[in-house]
Amino acid sequence: MSLPVVTRFAPSPTGFLHIGGARTALFNWAYARGHGGRMLLRIEDTDRQRSTEPAIQAILEGLQWLGLDWDGEPLSQFARAARHRAIAEELLRRGRAYRCYCTADELEEMRERAAAAGLPPRYDGRWRDRPESEAPEGVAPAIRFKAPSEGETIIEDQVMGRVVFHNRELDDLIILRSDGTPTYNLAVVVDDHDMGVTHIIRGVDHLTNAARQSQIYEALDWPVPVMAHLPLIHGPDGAKLSKRHGALGVDAYRTMGYLPAAMRNYLARLGWSHGDDEIFSTEQLVRWFDLDHVGRSPARFDFAKLENLNGHYLRATPDDQLIAALVEFLPHVPGGAIMLARLDADALARLERLMPGLKERAKTLVELMESARFLVAGRPLAMDDKAQAILAGEGRQALKALLPVLEQAEWSAPALEAAVKSFAEARGLKLGKLAQPLRAALTGSSTSPGIFDVLAALGRQESLSRIGDQAV
RNA sequence: GCGCCCUUCGUCUAGCGGUCUAGGACAUCGCCCUUUCACGGCGGAAACACGGGUUCGAUUCCCGUAGGGCGCGCCA
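What this report covers is the structure whose coordinates are included nearby. The structure presented is a predicted model; accordingly, all values stated were derived computationally and were not measured. (Residues numbered from 1 in each chain as written. Chains lettered and ligands numbered in written order. Predicted model: local features only at pLDDT ≥ 70, side-chain atom pairs only at ≥ 80, totals over all residues. Heavy atoms only, no water.)

## So, the overall build of chain A
Heads up, the condition is: Here a helix means four or more residues in a row that DSSP labels H or I, a strand means two or more in a row labelled E, and each is numbered from the N terminus. Atoms considered for the radius of gyration are the C-alpha atoms alone. The globule rule reads 2.2 Å times the number of residues to the power 0.38. Here the term buried applies to any residue with accessible area under 20% of the maximum for its type, exposed to any over 50%, and partly exposed to those in between, with areas from a 1.4 Å probe on protein chains only. Should any heavy atoms of two residues lie within 4.5 Å, those residues are considered in contact. Only the protein chains shown count as cover for residues, with accessible areas throughout obtained via the Shrake-Rupley method and a probe of 1.4 Å.
Across its full length, chain A holds 20 helices and twelve strands. The C-alpha radius of gyration of chain A comes to 31 Å, more than 25% above the 23 Å expected for a compact globule of 472 residues. Projected onto the principal axes, the alpha-carbon positions of chain A cover approximately 105 × 45 × 40 Å. Across the 472 residues in chain A, those meeting the buried criterion constitute 50%. By sequence separation, contacts in chain A at least 24 residues apart represent 76% of the contacts at least 6 residues apart. Within the structure as shown, chain A displays about 22,300 Å² of accessible surface, and the carbon and sulfur contribution to it stands at 51%.

## Some details on the packing of helix α18 (residues 431–443) against helix α19 (residues 451–458)
The condition is simple: Angular values range over 0 to 180 degrees, each being the angle between N-to-C directions of two axes fitted as lines to C-alpha atoms, with helices fitted over their stretch in contact. Orientation categories follow fixed angle ranges, with anything under 35 degrees roughly parallel, anything over 145 roughly antiparallel, 65 to 115 roughly perpendicular, and all other angles oblique. The crossing is said to be left-handed when, going from far helix to near helix, the turn is anticlockwise and less than a right angle, and right-handed when the turn is clockwise. All residues other than Ala, Val, Leu, Ile, Met, Phe, Trp, Tyr, Cys, Pro, Asp, Glu, Lys and Arg, Gly among them, are scored as polar; the first ten of these are nonpolar and the last four charged.
Between α18 and α19, the shortest axis-to-axis distance is 9 Å and the interhelical angle comes to 40 degrees. For the element pair α18 / α19, the angle class is oblique. As for how α18 packs across α19, the hand of that crossing is left-handed. Each of Leu431, Ala435, Leu438, Arg439, Leu442 and Thr443 in α18 lies in contact with α19, whose residues at this interface are Ile451, Phe452, Val454, Leu455 and Leu458. Among the residues making up the contact of α18 with α19, the classes are represented as nine nonpolar, one polar and one charged.

## Structural notes on the packing of helix α16 (residues 394–408) against helix α17 (residues 413–427)
It is the contact of α16 with α17, at a shortest axis distance of 10 Å, that shows an interaxial angle of 135 degrees. Looking at the two axes, α16 sits oblique to α17. In the crossing of α16 with α17, the sense of the turn from one axis to the other is right-handed. On α17, the residues touching Ala401, Leu402, Val405 and Leu406 of α16 are Leu416, Ala419, Val420, Phe423 and Arg427. Partitioned by chemical class, the residues of the contact of α16 with α17 number eight nonpolar, no polar and one charged.

## Side note on helix α20 (residues 460–471)
What counts here: A helix's residues, less one, multiplied by 1.5 Å, set its expected span.
With twelve residues, α20 ought to run about 16 Å at 1.5 Å a step, and its terminal C-alpha atoms sit 16 Å apart, in line with that. When α20 is considered as a whole, its buried residues turn out to be Ser463, Leu464, Arg466, Ile467, Gly468, Gln470 and Ala471. Against the buried residues of α20 lie α15 (385–392), α16, α18 and α19.

## Remarks on the sheet that holds strand β4 (residues 97–100)
What counts, and what does not: DSSP bridges decide pairing: two strands pair if at least two such bridges lie between them.
Ordered by their spatial adjacency, three strands build an open sheet running β4-β5-β8, and the pairing between neighbours is antiparallel. Every interior strand has two partners, whereas the edge strands, β4 and β8 (174–176), have only one. Ignoring which end each strand starts from, the neighbouring axes of this sheet average 45 degrees apart. Bridging between strand β5 (residues 142–145) and β8 involves two bridges; their strand directions are antiparallel. Bridge assignment links Arg144 to a residue of β8, and that residue is Ile174.

## Brief notes about the pairing of strand β7 (residues 161–166)
Of the strand pairs in this sheet, strand β6 (residues 152–157) and β7 are connected by six bridges, and their pairing is antiparallel. Looking at the pairing, Ile154 lines up with Val164 of β7. Between β6 and the antiparallel strand that follows it, β7, lie three residues.

## Brief notes about the environment of Trp411
Note the threshold: Counting of polar contacts relies on pairs of N or O atoms within 3.5 Å, with two restrictions inside protein: one atom must be capable of donating a hydrogen and the other of accepting it, and residues adjacent in sequence are counted only when both atoms are side-chain atoms.
Within the secondary structure, Trp411 sits in the loop between α16 and α17. Taking the C-alpha atoms as reference points, Trp411 and Asp191, 220 residues apart in sequence, are found 69 Å from one another. A distance of 3.4 Å separates a polar side-chain atom of Trp411 from the backbone oxygen of Leu455.

## Some points on the protein's contact with RNA strand B
Put simply, the rule reads: Being near a molecule or strand, for a residue, means having at least one of its heavy atoms within 4 Å of it.
In the vicinity of RNA strand B lie 67 residues, with Asp47, Arg177, Gly271, Glu278 and Arg361 positioned nearest. Within 4 Å of the protein, atoms of RNA strand B come from sugar and phosphate in 68% of cases. A distance of 3.2 Å separates a sugar or linking oxygen of RNA strand B from a polar side-chain atom of Asn308. Here the residues of the surface near RNA strand B sort into 22 nonpolar, 23 polar and 22 charged.

## As for the state of the cysteines
Put simply, the rule is: Our working definition of a disulfide is a cysteine sulfur pair at a distance within 2.5 Å.
Counted under the stated rule, the structure contains zero disulfides. Considering cysteine sulfurs only, Cys102 is the nearest to Cys100, which forms no disulfide, with 3.7 Å between them. Residue classification places Cys100 among the buried positions, given a relative accessible area of 4%.

## Section: the packing of aromatic side chains
We count it as follows: Classification of ring pairs rests on two measures: the distance between centres of Phe, Tyr or Trp rings, Trp counted by its six-membered ring, which must be within 6.5 Å, and the angle between planes, read as stacked under 30 degrees, edge-to-face over 60 and tilted in between. Geometrically, a lysine NZ or arginine CZ counts as sitting over a ring once it is within 6 Å of the ring centre and also within 35 degrees of the ring normal.
As enumerated under the stated definition, the model contains nine aromatic pairs in all. Ring geometry for Trp272 and Phe280: centres 5.8 Å apart, planes at 90 degrees, overall edge-to-face. Each member of the pair, Trp272 together with Phe280, is buried. For the pair Phe301 and Phe303, a centre-to-centre distance of 4.8 Å together with 65 degrees between the ring planes defines the contact as edge-to-face. Classification of Phe303 as partly exposed rests on a relative accessible area of 22%. An aromatic cluster is present here, built from Phe27, Trp272, Phe280, Trp288 and Phe289 joined pairwise through their rings. Over the ring of Phe78 we find Arg48, and its NZ or CZ is 3.6 Å from the ring centre.

What follows is the structure, given as structure tokens:
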């Protein structure tokens with residue numbers, strides 16, 4: 001246990017980095033960083049049909065956005081095919097593997113027969129002890145691992161506990177295809193060994209593989225790494241993650257306006273806990289993260305909680321950093337580019353003044369963007385329904401009456417508030433009666449920060465002309 | 001079908017035999033704050049799947065049942 005920790009994240013590049021993969025990466029990362037170890041990245045691209053370069057890029061970018069870095073260069077599993085083949089042959093030499101001359105049709109038939117008999121679809125081992133001399137003409141053999149047929153294989157899982165598999169349940173899996181390329185279970189074992197991986201942290205969907213891989217380690221006389229299998233993440237309805245909810249690429253979460261720090265925090269709490277702590281920094285996560293406190297039951301993805309958490313992070317981010325985050329965010333969201341183009345120095349200065357009020361009201365960068373939009377919006381100003389209603393009746397009258405008062409007022413938030421207040425009192429009106437139409441006229445929205453701050457931030461000329469537009 | 005895994009408020013979870021009249025967070029409901037919307041504060045409702053054991057004592061340990069998940073490819 002005194003060995004330096006080496007973890008790895010090993011996605012297959014057949015699509016984007018989904019939320020489950022992101023959490024697996026986060027846990028591997030946190031574990032390695034918290035134990036003075038390294039986290040390696042391996043791209044499991046041995047399936048040439050389904051692996052794509054764009055998918056690799058998407059995964060790398062997803063990790064980067066999440067703020068998860070890895071040590072060394074990403075390793076291509078495919079590039080190591082020769083090494084895998086050599087180990088398959090080594091297994092053959094050791095008598096722990098054999099050539100299988102079954103055809104695809106034959107295997108299909110085998111599965112069908114098993115299904116008909118109500119048996120598990122397993123390879124029956126027909127070439128396990130059959131001499132090579134009986135090999136049929138013209139059939140390229142695959143190499144199968146000679147799995148132990150008796151006894152049991154035990155996984156001492158750091159999360160799931162001691163898991164026992166009866167060896168009779170595990171059939172002889174193919175480790176080298178008839179075209180000479182390695183299959184997953186062989187490649188994983190060889191790579192993890194060669195990379196010096198000490199801790200394998202991955203989803204429970206690999207638990208059965210853990211048993212098969214453990215057998216291969218044993219056949220090779222290699223030490224089995226520490227294993228930890230994480231429960232899966234489900235959608236809000238408890239079923240499998242679908243496109244509709246959680247099975248989105250992490251880039252989708254970026255587009256929805258979530259902050260990487262909030263994502264890390266939220267993902268960490270999905271399946272792992274540190275007492276009653278809910279909001280903690282990434283630094284604390286690294287310090288606290290352990291396998292002991294990873295739960296065993298699957299978790300549902302809850303957008304409401306993510307959103308709440310994101311709101312916390314938004315509010316906690318210093319204004320200048322938040323503006324930087326927003327500026328960086330805009331190109332990734334529909335309509336954002338236009339807004340970015342209009343954010344000149346003047347608008348940025350106004351945004352800075354309003355940020356304390358704006359960020360308190362936003363849960364995502366999208367909401368922040370929407371609430372700041374009036375700063376750069378051209379006229380006529382787009383109005384939300386409530387704002388329109390407010391300006392429909394008395395609101396317009398109030399604005400008209402208010403205009404001369406504002407023209408006379410000293411131009412600062414407190415002074416404007418005082419002026420409007422005394423005007424309201426003189427007329428026996430509630431302040432809200434005047435503030436509401438002002439808000440609507442200036443921002444086109446019924447939800448905005450302190451309206452007097454808005455007035456001050458916009459400036460006398462801009463404000464008066466906007467109010468004038470709406471008052472006529 | 002077979003194997004493995006899981007099961008505390010609606011959701012994420014704390015709990016590792018007595019401290020549990022089961023704690024926190026999100027969501028929800030009510031009140032307060034307030035120029036709107038939020039934020040914030042206070043308070044409410046809300047859970048140990050079921051049945052057997054083990055034990056002086058089970059949310060915690062064991063076994064069943066039910067429900068859910070994952071796996072069973074010359075995919076990873």
